[in-house]
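So you can see what is in the structure, the chains are spelled out below.
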Amino acid sequence: MNPQAKLIFATSLLMGTTITISSNHWILAWTGLEINTLAILPLISKSHHPRAIEAATKYFLVQATASALVLFSSMTNAWHTGQWDITQLTHPTSCLILTSAIAMKLGLAPFHFWFPEVLQGSPLTTGLLLSTAMKFPPITLLYMTSQSLNPTLLTTMAILSTALGGWMGLNQTQTRKILAFSSISHLGWMAIIITYSPKLALLNFYLYTLMTAAAFLTLNSMKVLKLSTLTTSWSKTPTLSAMLLLTLLSLAGLPPLTGFLPKWLIIEELTKQEMAPTATIISLLSLLSLFFYLRLAYCSTITLPPHTTNHMKRWHTNKPVNTSVAILTTLSIMLLPISPIILTIM
């Protein structure tokens, strides 16, 4: 793909996201979502491989259905209340349809089926965009309508997402699919808290974006698409492999690392809302995710493969590590000590 085309698509993505997050009117928000969808499609299908074309088709169909539901929801609300303002979504049916539409756009269970397949058919850099930037506009819409949404429905979807994200990621061997199920699991944590503390859901999204970007860019610089390649990566880039180990453990939410902060705050908030059983269930379900993160971490730090592999011997490379990878990895590991400052800013 030539640089001019890439520039056009990147600008369109930026413009679509900006229109959605800054709009007050439903039609403008819908327009931004459509621009985003059309801008990402060429980036998914740029390799012209049948798998990539299939991924782009699935993505288009799901996003088009979700956009139609967003429009239908806003029109139903306008019909009953006379309001097109995003924050004035008050009709119960409209709220229900909007929750389903946003869940479809994000890949929340039970509308998660498309996400692992699309991610598997996309390059790692496009996968990064799909897992982070493309989720920002729908999360913003949830944030703006959070006071109108049904907490029971969102809690059910959140627990289902965390459970399915954990269970289905257990037997995967492709790194992109593992990261897709990781994303579904994290979305569960955001969905469960959005009605009680929207700012906390946004903080969770920002930190998730930070850690996922670090993981994707590290895997991209190591050219790793499956676990068998990851097992031989230590001999090639030991420092990067060690950093990947810490980033994955941070994604899992282990205490001394950044990923522990949002989980800790969400559990605290749920307990304040007298939802201790829910907090216990979602915490236990996150142990499933911890298992496949540990699997990835174990594969990335095997110093000697336990069996004869078909891969050629990988020697050390003197290629310098990308600065963005270094910064993102550092942030995704070391932000926990400054959590009081982060909470003050919020």
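All of these numbers come straight from a predicted model, not from anything done at the bench. Positions within a chain are numbered from 1, following the residues in the order the chain's sequence is written. Side-chain atom pairs in this predicted model are given and counted only at pLDDT of 80 or more, local residue features only at pLDDT of at least 70, and totals for whole chains, interfaces and linings cover all residues. Side-chain metrics in this entry use all non-hydrogen atoms of the structure; hydrogen atoms and water are not considered.

Q: Account for the overall build of the chain, with residues named and values stated.
A: Of the regular secondary structure elements, the chain holds 16 helices and zero strands. For a compact globule of 346 residues, the expected C-alpha radius of gyration is about 20 Å, and the chain comes in at 20 Å, within 12% of that figure. Seen along its three principal axes, the alpha-carbon backbone of the chain occupies a region of about 65 × 50 × 35 Å. Here the chain holds 346 residues, and the buried ones make up 54% of them. Only heavy atoms enter the contact rule, under which two residues are in contact if any of them lie within 4.5 Å. Looking at the chain alone, contacts between residues at least 24 apart form 78% of all its contacts between residues at least 6 apart. Throughout, the Shrake-Rupley method with a 1.4 Å probe supplies accessible areas, and for residues the shown protein chains are the sole cover considered. Accessible surface, the chain as shown: approximately 15200 Å² in total, 70% of it carbon and sulfur. Working convention for charge: Lys and Arg count positive, Asp and Glu count negative, and His plus the chain ends are omitted. Charge coordinates come from a single atom per side chain, which is NZ of Lys, CZ of Arg, CG of Asp or CD of Glu. Side chains of the chain carry 18 positive and 7 negative charges; the gap between the two charge centres is 21 Å. Only runs of H or I of at least four residues qualify as helices and only runs of E of at least two qualify as strands under DSSP, and these elements are numbered from the N terminus. Every radius of gyration here is taken over C-alpha atoms, with the globule rule written as 2.2 Å times N^0.38, N being the number of residues. With a 1.4 Å probe rolled over the protein chains alone, any residue whose accessible area is under 20% of its type maximum counts as buried; one over 50% counts as exposed, and the rest are partly exposed.

Q: Which residues make up the pattern of salt bridges, and what values do they have?
A: Within this document, salt bridges are pairs made up of a side-chain nitrogen of Lys or Arg and a carboxyl oxygen of Asp or Glu, the two lying within 4 Å of each other. What the rule picks out here adds up to four salt bridges. Where Lys-58 meets Glu-117, a salt bridge forms, and the shortest distance between an N and an O atom there is 3.8 Å. Of this pair, Lys-58 sits in helix H3 (residues 50–81) while Glu-117 sits in helix H5 (residues 114–120); the two residues are 59 residues apart in sequence, bridging distant segments of the chain.

Q: Could you give an account of the packing of aromatic side chains, with specific residues and numbers?
A: Working definition: a ring pair exists when centres of Phe, Tyr or Trp rings (six-membered ring for Trp) sit within 6.5 Å. Plane angles under 30 degrees give stacked, over 60 give edge-to-face, the rest tilted. As enumerated under the stated definition, the model contains eight aromatic pairs in all. Both rings, one in Phe-292 and one in Tyr-293, keep their centres 5.0 Å apart while their planes meet at 50°; by these two values the pair is tilted. Judged by relative accessible area, which is 0%, Phe-292 ranks as buried. Residue class for Tyr-293 comes out buried when judged on its relative accessible area of 1%. Geometry around Phe-115 places Lys-135 over its ring, the cationic atom sitting 3.9 Å from the centre. Whether a charge lies above a ring is judged from NZ of Lys or CZ of Arg, which has to be within 6 Å of the ring centre and within 35 degrees of the ring normal. Positioned above the aromatic ring of Trp-189 is the side chain of Lys-263, whose terminal nitrogen or guanidinium carbon lies 5.1 Å from the ring centre.

Q: Please provide a residue-by-residue account of unusual backbone geometry, values included.
A: Going from Ala-109 to Pro-110, the amide bond is cis rather than trans, its omega being 5°. Unlike most non-glycine residues, His-48 shows phi in positive territory, near 60°. Mapping His-48 onto the fold places it in the loop between helix H2 (26–44) and H3. Even without a glycine there, the phi angle at Glu-274 is positive, about 60°.

Q: An account of the nonpolar core is requested, with residue identities and associated values reported.
A: By size, the foremost hydrophobic cluster in this structure holds 96 residues, and its most contacted members are Ile-40, Ile-44, Tyr-59, Leu-130 and Leu-230. Split by domain, this core shows at least three residues from each of two domains, domain 1 (1–122) and domain 2 (150–345). In this view, Ile-40 contacts Leu-13, Tyr-59, Thr-126, Leu-129, Leu-130 and Met-134; residues no more than four positions away in its chain are not counted. Buried residues of nine kinds, namely Ala, Val, Leu, Ile, Met, Phe, Trp, Tyr and Cys, make up a nonpolar core once their side-chain atoms join them within 4.5 Å. Domain delimitation follows an automatic or database domain assignment.

Q: If you had to explain the UniProt feature "domain: NADH:quinone oxidoreductase/Mrp antiporter transmembrane" (unreviewed entry) in the chain to someone new, which residues and values would you point to?
A: UniProt positions are given in the numbering used here, feature names are shortened, and annotations may be inferred rather than shown by experiment. In this structure's numbering, the residues bearing the UniProt feature "domain: NADH:quinone oxidoreductase/Mrp antiporter transmembrane" (unreviewed entry) are residues 23–288. Helix makes up 74% of residues 23–288 and strand 0%, with an end-to-end C-alpha separation of 38 Å.

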